[in-house]
Amino acid sequence: MSKKNILITGGAGFIGSHVVRRFVKNYPDYTIINLDKLTYAGNLANLRDIDHAPNYRFVKGDICDSEFMLEIFRQYNFEGVIHLAAESHVDRSIANPMEFIMTNIVGTVNLLNAAREIWKGDFNNKRFYHISTDEVYGSLGNSGFFTEDTRYDPHSPYSASKASSDHLVRAYYDTYGLPALISNCSNNYGSFQFPEKLIPLAINNICNNKPVPVYGTGENIRDWLFVEDHAVAIDVIYHYGKNGETYNIGGHNEWKNIDLIQLLCKVMDRKLNRPEGTSAQLITFVKDRAGHDLRYAIDSSKLQKELGWKPSLQFEEGLEKTVDWYLNNQQWVNEVTSGEYKNYYEKQYDLR
Ligand code: NAD
Ligand code: TYD
């Protein structure tokens, strides 16, 4: 029996590396081709444990390069695509929107075009799975949840670029019958997350006795999901989801930023054997993010009812695991924060 080739884009990033690992380990009948440009956010060290697996290949490449994408599709004749490659950080999108337009919109269209061209209308057993975010829905007030029918209302260049890519994926399904589906997930946390995002940034700063920047008053609310639970959802949707459908993924786990940081400070005090209250002294309220969405909260009942997925971890347990991982992987943190990150940090935060 010939093996199925599956393309995973952005597999050297945070979520992508968990998805690649899961597919390589659980599906020996697939060959997983991880295509990644290795931007500041992509790191092959995230996949060291599986990079010699016989059913794994890495290809360095840019999804914005349409010729190269066609060549790769021709070479591997993919049965499926799981598309995670993106510029993913809201603050960077505010500073430099164009890269987000290029990778998130143009890059996605290049992949759609390559799939369309190479599959040539023979969509039997083919699948194009686009990974997106709940941020496309905009901001909630104090009540309600995002469902799959919530109107798109993105506010940051990041979320607008993801919204645009979602619309294009749907347009290719409607117009060309390309067998595509989408999922929109809430905020992820866990191992291998680049320390520009709230949780790993705070862990890293607490370790180094640096201020922990909280935007505005810390009242903004995010709905947090353990990254390995997202990877399971992606596996389930890839195999059992319906083409043309959208699935929301989230853990019903809303936290005000300030409450989350307070909890994290307590965990850090315990792990670092510091008197309780030490880490919380590092909390520093800083200028709010422009266009800062107040609240995200996902209703994932469609995914739970139709495909039987549910999150496996309580937040306290996931946070504890995450803190342990960062404390045990200081070398990884030092490597990823040593280069370009320093300039970014200095520009983004006027803190010492
Ligand atoms: P990440 O920034 O950690 O990783 C992105 C990866 O894409 C990196 O490995 C990077 O090198 C690669 N990449 C960037 N530009 C590329 C290009 N032009 N060509 C090829 N590769 C390129 O992001 P993440 O947090 O792992 O997010 C992955 C996906 O999941 C994104 O599409 C994001 O929008 C979505 N998402 C993220 C979250 C979250 O909380 N992090 C939540 C919901 C959805
Ligand atoms: P982030 O991890 O950047 O994810 P997103 O913007 O995609 O939700 O931020 C999570 C929340 O934490 C968001 O409300 C912004 C806030 N935040 C801070 O308060 N301080 C920080 O240094 C960062 C990076 C984020």
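Residues numbered from 1 in each chain as written. Chains lettered and ligands numbered in written order. Predicted model: local features only at pLDDT ≥ 70, side-chain atom pairs only at ≥ 80, totals over all residues. Heavy atoms only, no water.

1. Notes on the overall build of the protein
Move 1: When its secondary structure is counted, the protein shows 12 helices and 12 strands.
Move 2: Against the 2.2 N^0.38 benchmark of 20 Å for 352 residues, the protein shows a C-alpha radius of gyration of 20 Å, consistent with a compact globule.
Move 3: Across its three principal directions, the C-alpha atoms of the protein cover 65 × 45 × 40 Å.
Move 4: The buried share among the 352 residues of the protein stands at 57%.
Move 5: When the accessible surface of the protein is split by element, carbon and sulfur atoms take 48% of a total near 15200 Å².
Move 6: Measuring between centres, the 37 positive side-chain charges of the protein sit 2 Å from its 44 negative side-chain charges. (Helix = DSSP H or I, 4+ residues; strand = E, 2+ residues; numbered from the N terminus. Rg over C-alpha atoms; globule rule 2.2 N^0.38 Å. Buried < 20%, exposed > 50% of the residue type's maximum accessible area, 1.4 Å probe, protein only. Areas by Shrake-Rupley, 256 points an atom, 1.4 Å probe, with all protein chains shown as cover. Lys, Arg positive; Asp, Glu negative; His and termini not counted. Charge placed at Lys NZ, Arg CZ, Asp CG, Glu CD.)

2. Examining the site of ligand 1
Move 1: Around ligand 1, 28 residues are found, and the nearest of them are Ile 15, Asp 36, Ser 88, Tyr 158 and Lys 162.
Move 2: Leu 38 places a main-chain nitrogen or oxygen 3.4 Å from an oxygen atom of ligand 1.
Move 3: Within the side chain of Ser 88, a nitrogen or oxygen atom sits 2.6 Å from an oxygen atom of ligand 1.
Move 4: A total of 840 Å² of accessible area belongs to ligand 1 in isolation, and the protein chains cover 97% of it. (Near = heavy atom within 4 Å. Polar contact = N/O pair within 3.5 Å; in protein donor to acceptor, adjacent residues only side chain to side chain.)

3. Observations concerning the environment of Ala 160
Move 1: One can find Ala 160 in helix α5 (residues 157-176).
Move 2: Here Ala 160 falls in the partly exposed class, since its relative accessible area comes to 35%.
Move 3: With 79 residues separating them along the chain, Ala 160 and Val 81 place their C-alpha atoms 23 Å apart.

4. Remarks on helix α6 (residues 198-207)
Move 1: With eight of 10 residues buried, α6 lies mostly within the body of the structure.
Move 2: Buried within α6 are the following residues: Ile 199, Pro 200, Leu 201, Ala 202, Ile 203, Asn 204, Asn 205 and Ile 206.
Move 3: Within two residues after α6, Asn 209 carries a phi angle of roughly 55°, on the positive side.

5. So, the site of ligand 2
Move 1: In the vicinity of ligand 2 there are 18 residues, among which Glu 135, Arg 222, Arg 289, His 292 and Tyr 349 approach most closely.
Move 2: In the model, an oxygen atom of ligand 2 is placed 2.9 Å from a nitrogen or oxygen of the Asn 257 side chain.
Move 3: Take Arg 289: an N or O atom from its side chain is 2.5 Å from an oxygen atom of ligand 2.
Move 4: A total of 510 Å² of accessible area belongs to ligand 2 in isolation, and the protein chains cover 97% of it.
Move 5: Of all the secondary-structure elements, those providing two or more residues to the shell around ligand 2 are α6 and β8 (212-215).
Move 6: Taken together, the residues of the shell around ligand 2 break down into eight nonpolar, five polar and five charged. (Nonpolar A, V, L, I, M, F, W, Y, C, P; charged D, E, K, R; others polar.)

6. Quick word on the sheet that holds strand β9 (residues 221-226)
Move 1: Taken together, the three strands give an open sheet; going across it, the order is β7-β9-β11, and neighbouring strands pair in mixed fashion. Across the chains shown, the open sheet's two edge strands, defined by having one partner strand only, are β7 (187-189) and β11 (254-256). Sheet twist, expressed as the mean angle between neighbouring strand axes with direction ignored, is 50°.
Move 2: As paired elements, β9 and β11 share three bridges and run antiparallel to each other. Of the residues in β11, the one forming a bridge with Ile 221 is Lys 256. (Pairing = 2+ DSSP bridges. Axes fitted to C-alpha atoms, helices over the stretch in contact; angles between N-to-C directions.)

7. What to know about the side chain of Asn 205
Move 1: On the secondary structure map, Asn 205 appears in helix α6.
Move 2: In contact with Asn 205, other than residues within four places in its own chain, are Lys 210, Pro 211, Val 212, Pro 213, Leu 282 and Tyr 345. (Contact = heavy atoms within 4.5 Å.)

8. Comments concerning the packing of aromatic side chains
The description of two aromatic rings rests on the distance between their centres and on the angle between their planes.
Move 1: A full pass over the atoms with the stated rule returns 25 aromatic pairs.
Move 2: Note on Phe 23 and Tyr 27: the rings are 5.3 Å apart at their centroids and 45° apart in plane angle, and the pair reads as tilted.
Move 3: A relative accessible area of 0% means that Phe 23 is categorised as buried.
Move 4: Both rings, one in Phe 194 and one in Tyr 341, keep their centres 5.5 Å apart while their planes meet at 80°; by these two values the pair is edge-to-face. (Phe/Tyr/Trp six-rings, centres within 6.5 Å; stacked < 30°, edge-to-face > 60°.)

9. A few points about the sheet that holds strand β1 (residues 4-9)
Move 1: Taken together, seven strands build an open sheet; the order of strands is β3-β2-β1-β4-β5-β6-β10 and the sheet is parallel. In this open sheet, the two strands that pair with only one neighbour each are β3 (56-60) and β10 (246-249). Averaged over all adjacent pairs, the angle separating strand axes in this sheet is 20°, with direction ignored.
Move 2: Looking at chain direction, strand β2 (residues 30-36) and β3 are connected through five bridges and run parallel. Within β3, the position partnered with Ile 32 by the bridge is Tyr 56.
Move 3: Against the sheet, α5 engages β5 (127-133), β6 (180-185) and β10, with an angle of about 155° to β5.

10. A closer look at the nonpolar core
Move 1: Formed by 38 residues in total, the largest nonpolar core has its most connected members in Ile 199, Ile 261, Leu 264, Phe 315 and Trp 332.
Move 2: Elements that contribute at least two residues to this core include exactly α6, β8, β9, α8 (257-271), α10 (315-328), α11 (330-338) and α12 (340-348).
Move 3: Per element, the largest residue contribution to this core is seven residues, and it comes from α8.
Move 4: Ignoring any residue separated from it by four or fewer positions in sequence, one finds Leu 264 in contact with Ile 199, Ala 202, Ile 203, Leu 319 and Val 323.
Move 5: Counting residues in each nonpolar core, the second largest holds 32 residues, with Leu 84, Tyr 129, Tyr 238 and Leu 303 among its members. (Core = buried A, V, L, I, M, F, W, Y, C linked by side-chain atoms within 4.5 Å.)

11. Focus on the state of the cysteines
Each disulfide consists of a covalent bond between the sulfur atoms of two cysteine residues.
Move 1: Tallied over the entire structure, the rule returns zero disulfides.
Move 2: Its sulfur unpaired, Cys 265 is 11 Å from the next cysteine sulfur, which belongs to Cys 207.
Move 3: Residue Cys 265 is classed as buried on the basis of its relative accessible area, which comes to 1%. (Disulfide = S-S within 2.5 Å.)

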